[in-house]
Amino acid sequence: MDITERKITKIAREAEKLVLRTLRTKGVGTAEIDLIHAVRHNPGCTQAALAELLHADKAAIARRTKNLEGKGYLVRRDAPNDRRSQLLYPTEKAENLKSSKAEIEAAFYEYLTSTLTEEEAAAFAAVLNKLYTASKTESRAGFPHFTNARGEETTDET
């Protein structure tokens, strides 16, 4: 039984809605944010690599990269080993989106925690830190509590 009722996920989803709404005012849509994020984490990748990474159509990726290049979020450079390929890199404007997103999320979470008393906020922060630490530990170990002996993923339903 999930006593959290997936509320951590639901709160994160609400924060993401605020981020997307705010970034849309800067002319950046959801799919573009995902693409910018992917390029920021994979600088020097090709459009084909992005299509594979994002599980998206190559034509859609081509349109988005061209659009983001026009908006000043991405730059293309010729691949040194293959003149037919171009590599994509984030611009400073793209890097600043990360800061914008973090600031928006922080403001939302600050708003939410302002509804708590000082004692509740301290207790919540301590519990949240404990859960986060357990989450990172499990992730770094390869999720051993969710993998059976044959290496298959397991859940409570299986």
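## Brief notes about the packing of aromatic side chains
Point 1. Taken as a whole, this structure holds one aromatic pair when the rule is applied.
Point 2. Arranged with centres 5.9 Å apart and planes meeting at 55°, the rings of Phe 108 and Tyr 109 form a pair that is tilted.
Point 3. Phe 108 gets classed as buried once you look at its relative accessible area, which sits at 17%.
Point 4. Among the residues examined, Tyr 109 registers a relative accessible area of 34% and is labelled partly exposed.
Point 5. When the ring centre of Tyr 89 is taken as reference, the NZ or CZ atom of Arg 77 above it lies at 4.5 Å.
Point 6. Its guanidinium or amino end placed over the ring of Tyr 73, Lys 93 lies 4.7 Å from that ring's centre, counting from NZ or CZ.

## A closer look at the confidence of the model for the chain
Note: predicted coordinates in regions of low pLDDT should not be interpreted at a detailed level.
Point 1. On average, the chain scores 90 in pLDDT, and the residues at 70 or more come to 94%.
Point 2. Summarising per-element confidence for the chain, the mean pLDDT is lowest in helix H2 (residues 30–41) (89) and highest in helix H6 (residues 118–140) (96).

## A look at a nonpolar patch on the surface
Point 1. Together, Ile 11, Tyr 109, Tyr 111 and Leu 112 make up a nonpolar patch on the protein surface, roughly 370 Å² of accessible area in all.
Point 2. Among the elements that take part in the nonpolar patch, helix H5 (residues 92–113) stands out by supplying three residues, more than any other.
Point 3. Topologically, Tyr 111 is positioned in helix H5.

## Concerning the packing of helix H1 (residues 7–24) against H5
Point 1. For the pair H1 and H5, interaxial distance at closest approach is 9 Å and the crossing angle is 130°. Taken together, H1 and H5 sit at an angle that is classed as oblique. Crossing angle aside, the handedness with which H1 passes H5 is right-handed. Contacts between H1 and H5 involve Ile 11, Ala 12, Glu 14, Ala 15, Glu 16, Leu 18, Val 19, Thr 22 and Leu 23 on the former and, on the latter, Leu 97, Ser 100, Lys 101, Ile 104, Glu 105, Phe 108, Tyr 109 and Leu 112.

## Things to note about the nonpolar core
Point 1. Leu 35, Ile 36, Val 39, Leu 50 and Tyr 73 are the most contacted members of the largest nonpolar core, which totals 20 residues.
Point 2. Mapped onto this core, the elements with two or more residues apiece are H1, H2, helix H3 (47–54), helix H4 (58–70) and H5.
Point 3. At five residues, H2 tops the list of elements feeding residues into this core.
Point 4. The residues touching Val 39, leaving out its near neighbours within four places in the chain, are Cys 45, Leu 50, Leu 74, Leu 88, Tyr 89 and Pro 90.

## Focus: the environment of Gly 44
Point 1. Positionally, Gly 44 belongs in the loop between H2 and H3.
Point 2. Between the alpha carbons of Gly 44 and Leu 87 there is a distance of 4.7 Å; along the sequence they are 43 residues apart.
Point 3. In contact with Gly 44, other than residues within four places in its own chain, are Leu 87, Leu 88 and Tyr 89.

## Quick look at the pairing of strand E2 (residues 82–90)
Point 1. Where strand E1 (residues 74–79) lies against E2, six bridges are found, and the strand directions are antiparallel. Paired with Ala 79 across the two strands is Asp 82, which belongs to E2.

Each value, and the rule that gives it
- Residues numbered from 1 in each chain as written.
- Predicted model: local features only at pLDDT ≥ 70, side-chain atom pairs only at ≥ 80, totals over all residues.
- Heavy atoms only, no water.
- Phe/Tyr/Trp six-rings, centres within 6.5 Å; stacked < 30°, edge-to-face > 60°.
- Buried < 20%, exposed > 50% of the residue type's maximum accessible area, 1.4 Å probe, protein only.
- Lys NZ or Arg CZ within 6 Å of the ring centre and 35° of its normal.
- pLDDT = per-residue confidence, 0-100.
- Helix = DSSP H or I, 4+ residues; strand = E, 2+ residues; numbered from the N terminus.
- Patch = residues over 30% accessible without salt bridge, like charges linked within 9 Å, V, L, I, M, F, W, Y side chains within 5 Å.
- Areas by Shrake-Rupley, 256 points an atom, 1.4 Å probe, with all protein chains shown as cover.
- Salt bridge = Lys/Arg side-chain N within 4 Å of Asp/Glu carboxyl O.
- Axes fitted to C-alpha atoms, helices over the stretch in contact; angles between N-to-C directions.
- Parallel < 35°, antiparallel > 145°, perpendicular 65-115°, else oblique.
- Left-handed = near helix turned anticlockwise from the far one by under 90°.
- Contact = heavy atoms within 4.5 Å.
- Core = buried A, V, L, I, M, F, W, Y, C linked by side-chain atoms within 4.5 Å.
- Pairing = 2+ DSSP bridges.

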